[in-house]
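An overview of the molecular structure
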Amino acid sequence: MKKTKTMIPLKLTKKNSINVCHEDLRVLMNLTDSNPAYAAKFLTNKTEDEARTLLAALNNDEVTSLYDLMVT
């Protein structure tokens, strides 16, 4: 009898997951230290949910204010 490999189905991840991507948070923190305007600009390339989640994790009023000005 020939054995066949069984495939394990991968769990699909949603693009709009509310989990904070640690790499994005690290980049955001580095940008905040160097220039908060760049940090806010970085967030404009994310979805609204991702950006708000990252802002909540960052907890920086200056970046939050700049981001709000950019998206309105």
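Residues numbered from 1 in each chain as written. Predicted model: local features only at pLDDT ≥ 70, side-chain atom pairs only at ≥ 80, totals over all residues. Heavy atoms only, no water.

Let's talk about the overall build of the protein
What counts is decided by this rule: Strands here are runs of E lasting at least two residues and helices are runs of H or I lasting at least four, both read from the DSSP assignment and numbered beginning at the N terminus. Exposure categories follow from relative accessible area, calculated using a 1.4 Å probe and restricted to protein chains: below 20% of the type maximum is buried, above 50% is exposed, and the middle band is partly exposed. Should any heavy atoms of two residues lie within 4.5 Å, those residues are considered in contact. Shrake-Rupley sampling with a 1.4 Å probe provides the accessible areas, and residues are treated as covered by the protein chains on show and by no other component.
Within the protein, the secondary structure is distributed over four helices and zero strands. Reading the secondary structure of the protein in the N-to-C direction produces α-α-α-α. Split into buried and exposed, the 72 residues of the protein put 22% on the buried side. In the protein, once contacts between residues fewer than 6 apart in sequence are set aside, the share between residues at least 24 apart is 54%. A total of about 6100 Å² of accessible surface is found on the protein, and carbon and sulfur atoms cover 57% of it.

Quick notes on the packing of helix α1 (residues 22-34) against helix α2 (residues 36-44)
Just so we agree on the cut-off: Whenever a helix is involved, its axis is fitted only over the stretch in contact; in every case the axis is a line through C-alpha atoms, and angles between N-to-C directions fall within 0 to 180 degrees. When an angle is under 35 degrees it counts as roughly parallel; over 145 it counts as roughly antiparallel; between 65 and 115 it counts as roughly perpendicular; any other value is oblique. Gly counts as polar in this scheme, as do all residues outside two lists: the nonpolar Ala, Val, Leu, Ile, Met, Phe, Trp, Tyr, Cys and Pro, and the charged Asp, Glu, Lys and Arg.
Contact geometry for α1 and α2: axes closest at 6 Å, N-to-C directions at 150°. In terms of orientation, α1 lies roughly antiparallel with respect to α2. Residues Asp 24, Val 27, Leu 28, Leu 31, Thr 32 and Ser 34 of α1 pack against Pro 36, Tyr 38, Ala 39, Phe 42 and Leu 43 of α2. Of the residues contributing to the contact of α1 with α2, the split by class is eight nonpolar, two polar and one charged.

A few points about unusual backbone geometry
Positive phi values are uncommon outside glycine, yet Asn 59 reaches one of about 55°. Topologically, Asn 59 is positioned in the loop between α3 (48-58) and α4 (61-71). Overall, the relative accessible area of 65% leaves Asn 59 in the exposed class.

A closer look at α3
Residues of α3 that are buried include every one of Ala 51, Thr 53, Leu 54, Leu 55 and Leu 58, and no others. Against the buried residues of α3 lie α1, α2 and α4. Asn 59 lies just past α3 and shows a positive phi near 55°.

Thoughts on the pattern of salt bridges
Heads up, the condition is: Criterion for a salt bridge: a side-chain nitrogen of Lys or Arg within 4 Å of a carboxyl oxygen of Asp or Glu.
In this structure the tally under the stated criterion is four salt bridges. When the shortest N-O distance is used, the salt bridge between Glu 48 and Arg 52 registers 2.9 Å. Of this pair, Glu 48 and Arg 52 are both found in helix α3, four residues apart, which corresponds to roughly one turn of the helix. Among the residues examined, Glu 48 registers a relative accessible area of 40% and is labelled partly exposed. A relative accessible area of 33% places Arg 52 in the partly exposed class. The partner of Asp 68 in a salt bridge is Arg 52, with the nearest N and O atoms 2.8 Å apart.

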